[in-house]
Amino acid sequence: MKKTIHLSPENYIGKGLHRKCYIHPEDPFKCIKINYNIGADIETNREVKYYKHLLKRQISWECLSKYYGSVDTDLGIGHVYDLIRDDDNSISISLENYLKQSLNAHELNELTTALINLKKALLNDRIITMTIKSKNILYQRRNCGNRLVIIDNIGNSKLIKIDNYCHFLAKKSINRKWQRFIKDIERENFALVSAYLAKK
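None of the values given here were measured: they were computed from a predicted structure. (Residues numbered from 1 in each chain as written. Predicted model: local features only at pLDDT ≥ 70, side-chain atom pairs only at ≥ 80, totals over all residues. Heavy atoms only, no water.)

(A) Spotlight on the overall build of the protein chain. A tally of regular secondary structure across the protein chain gives five helices and nine strands. The linear arrangement of helices and strands in the protein chain, starting from the amino end, is β-β-β-β-α-β-β-β-α-α-β-β-α-α. At 17 Å, the protein chain has a C-alpha radius of gyration in line with the 16 Å of a compact globule built from 200 residues. Here the protein chain, with 200 residues, has 48% of them falling under the buried criterion. (Helix = DSSP H or I, 4+ residues; strand = E, 2+ residues; numbered from the N terminus. Rg over C-alpha atoms; globule rule 2.2 N^0.38 Å. Buried < 20%, exposed > 50% of the residue type's maximum accessible area, 1.4 Å probe, protein only.)

Quick look at the structure:
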């Protein structure tokens, strides 16, 4: 019989469109996502199926929060992922919120490098996303080099998921969604996109 994990208000981090996120009470470097509304099951089942596909492929997880399976909680079935923290152990800030800050030249340069590395990692691991949004990306600050980590909206919604297996089509899909992402963040921080385009 599976152990039931108790999630208290102190464990609560925040919520997205369909799921609430909690710090795992037994592991501060993992989080548990719980469905909380109608439509969440479809979203979660699609995402989990794709995560299992990535686990079989043994990707690097350089740009993605790793998935560890399901658990029973007192709030229902939960799914466990890496909780992205900075080197000082604080939970990493979303790219959306980081872009709202006034960034100096050094911070802009570090973020530009992280942006370039995010695209490289997506292409290298052939990771399909529904969309790429700054609110679904965390900016992890590390002594060994900052990185951007996608934490939501992963997977393939196509009926025939041939790009999960075809390298050419996967990269075509990634590049198409990346261009939309760059246009989106240009509205959030024009200086970042200008620096990215000059450096890539």
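(B) Spotlight on the pairing of strand E3 (residues 19–24). Extensive coverage of E3 is indicated by the burial of five of its six residues. Connecting the antiparallel pair strand E2 (residues 12–15) and E3 is a turn made up of three residues. Joining the antiparallel neighbours E3 and strand E4 (residues 27–35) is a turn of two residues. (Pairing = 2+ DSSP bridges.)

(C) Representation of helix H5 (residues 190–199). Listing the buried residues of H5 in full gives Leu-192, Val-193 and Tyr-196. The arc that holds the buried residues of H5, viewed along the axis, is 95°, so those residues lie on one side. Opposite its buried face, H5 presents the exposed residues Phe-190 and Ala-198, each directed more than 90 degrees away. (Arc of directions from axis to C-beta.)

(D) View of the packing of helix H3 (residues 105–125) against H5. Here H3 crosses H5 at 60°, and the two axes come no closer than 9 Å. Here H3 is positioned oblique relative to H5, judged by the angle of their axes. H5 is crossed by H3, and the crossing has right-handed handedness. Between H3, through Leu-108, Asn-109, Leu-111, Thr-112, Thr-113, Leu-115, Ile-116 and Lys-119, and H5, the contact on the second element is made entirely by Ala-191, Leu-192, Ala-195, Tyr-196 and Lys-199. Looking at the contact of H3 with H5, its residues break down into eight nonpolar, three polar and two charged. (Axes fitted to C-alpha atoms, helices over the stretch in contact; angles between N-to-C directions. Parallel < 35°, antiparallel > 145°, perpendicular 65-115°, else oblique. Left-handed = near helix turned anticlockwise from the far one by under 90°. Contact = heavy atoms within 4.5 Å. Nonpolar A, V, L, I, M, F, W, Y, C, P; charged D, E, K, R; others polar.)

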